[in-house]
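Per-entry structural report
Here's the letter readout for the chains.
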Amino acid sequence: MLTVGLTGGLASGKSHVGHYLEDLGCFLIKADELGHMVLMPGGEAYNATVAEFGETILNPEGTIDRRRLAGLVFNDPDRLEKLNRIVHPSVRKRTESLIAGFKARQPGGIAVVEAAILVETGSHKRYDRLIVAVCTEEQQIQRAMERDGITRDEAMARLRRQLPLQEKIKYADYVIDTSGAREDTAAQTRAVYEKLRSSQQ
């Protein structure tokens, strides 16, 4: 089995690449979705997060208001680091469990883990290959504004807190440029998929 990390930057198109790889037969694991799960009531990171950040982050029904939580840590690197230390180990365990289950079912398959900060955390080293999805900075800003309903300044602030795409490319085995038409992104993704398949033989 081949394990592949898929990363990029803010609104750089990694989710589209992930969907295309899934359509081609890869087993796609989305770290962000696992992050949502571990923060749900009963999730592995729920109690520790509430204990650390207080009940003001809770909605009336007891779920964590992710936007409110993000507001607390966004401009505070120390608090962000605390949140990451709570959430990331649980996400990693779930990821490893999903990969193990997939390997048992399809020993010759390709598991793709889509995550935003694989390079920043050094997690990219855990995977056999790394794909980085890229586009222009202006496209990142525009896409983030449209997708998340944020201002240009907010998008710029998020970008400045990330490792630049040009730096992430240095770690990539494959780079997929999503700045063009979706058909072009799909074609590049298929080409990478074929290379991944051939590398298993």
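Refer to the structure printed above.
The following paragraphs examine the structure supplied in this document.

Cut-off values and rules
Residues numbered from 1 in each chain as written. Predicted model: local features only at pLDDT ≥ 70, side-chain atom pairs only at ≥ 80, totals over all residues. Heavy atoms only, no water. Buried < 20%, exposed > 50% of the residue type's maximum accessible area, 1.4 Å probe, protein only. Helix = DSSP H or I, 4+ residues; strand = E, 2+ residues; numbered from the N terminus. Arc of directions from axis to C-beta. Contact = heavy atoms within 4.5 Å. Axes fitted to C-alpha atoms, helices over the stretch in contact; angles between N-to-C directions. Left-handed = near helix turned anticlockwise from the far one by under 90°. Nonpolar A, V, L, I, M, F, W, Y, C, P; charged D, E, K, R; others polar. 1 Å grid on protein atoms, 1.4 Å probe; cavity = no way out; pocket = protein on both sides within 12 Å on 5 of 7 lines; lining within 4 Å. Points joined across faces, edges and corners; volume = space filled by probe spheres on them. Lys, Arg positive; Asp, Glu negative; His and termini not counted. Salt bridge = Lys/Arg side-chain N within 4 Å of Asp/Glu carboxyl O. Parallel < 35°, antiparallel > 145°, perpendicular 65-115°, else oblique. Core = buried A, V, L, I, M, F, W, Y, C linked by side-chain atoms within 4.5 Å.

**A short note on helix 1 (residues 14-23)**
For helix 1, every residue scored as buried is listed here: Lys14, Val17, Gly18 and Leu21. Burial along helix 1 is one-sided: seen end-on, the buried residues are contained in an arc of 100°. Elements in contact with the buried residues of helix 1: strand 1 (2-7), strand 2 (27-30), strand 3 (110-114), strand 4 (129-134), strand 5 (174-177) and helix 10 (182-199). Of the residues trailing helix 1, Gly25 is marked for its positive phi of about 115°.

**Brief notes about the packing of helix 2 (residues 31-38) against helix 5 (residues 77-105)**
In contact at an axis separation of 9 Å, helix 2 and helix 5 are set at 120° when each is read in the N-to-C sense. The element helix 2 and its partner helix 5 pack so that their crossing is right-handed. Of the residues in helix 5, those in contact with Ala31, Leu34, Gly35, Met37 and Val38 of helix 2 are Val87, Ser90, Val91, Arg94, Thr95 and Leu98. Per-class residue counts for the contact of helix 2 with helix 5 are seven nonpolar, three polar and one charged.

**Looking at unusual backbone geometry**
For Ala11, which is not glycine, the phi torsion reads 50° and is therefore positive. Mapped onto the fold, Ala11 is located in the loop between strand 1 and helix 1.

**Focus: the layout of surface pockets**
Approximately 160 Å³ is the volume found for the second largest pocket. What lines the second largest pocket is simply Gly9, Cys135, Thr136, Glu137, Gln140, Leu159, Arg160, Gln162, Leu163, Pro164, Leu165 and Gln166. Among the residues forming the lining of the second largest pocket, the class breakdown is five nonpolar, five polar and two charged.

**A few points about the side chain of Thr178**
Along the polypeptide, Thr178 turns up in the loop between strand 5 and helix 10. Setting aside chain neighbours within four positions, we find Thr178 in contact with Ser12, Gly13, Val17, Ala133, Val134, Cys135, Arg143 and Thr185.

**Some points on the side chain of Lys14**
For Lys14, the location among the structural elements is in helix 1. Despite its burial, Lys14 remains without a salt bridge, the nearest opposite charge being carried by Glu114 at 5.0 Å. In this view, Lys14 contacts Leu6, Thr7, Gly8, Gly9, Glu114, Ala115, Ala116 and Ala133; residues no more than four positions away in its chain are not counted.

**Overview of the packing of helix 3 (residues 46-53) against helix 5**
Contact pair helix 3 / helix 5: the axes reach a minimum separation of 9 Å and the direction vectors enclose 160°. Of the possible angle classes, the one that applies to helix 3 and helix 5 is roughly antiparallel. Considering how the two elements wind past one another, helix 3 and helix 5 form a crossing that is right-handed. Judged by residue contacts, Ala48, Thr49, Glu52 and Phe53 of helix 3 engage Arg79, Lys82, Leu83 and Ile86 from helix 5. When its residues are assigned to classes, the contact of helix 3 with helix 5 shows four nonpolar, one polar and three charged.

**Observations concerning the nonpolar core**
Within the largest apolar cluster, 30 residues are counted, with the highest numbers of intra-cluster contacts made by Leu39, Ile64, Leu69 and Val87. If you list the elements that add at least two residues to this core, you get helix 2, helix 3, helix 4 (66-73), helix 5, strand 3, helix 6 (118-121) and strand 4. Ignoring any residue separated from it by four or fewer positions in sequence, one finds Ile64 in contact with Leu39, Tyr46, Thr49, Val50, Ile57, Leu58, Asn59 and Leu69. By size, the runner-up hydrophobic cluster in this structure holds 17 residues, among which are Cys26, Ile110, Ile176 and Tyr193.

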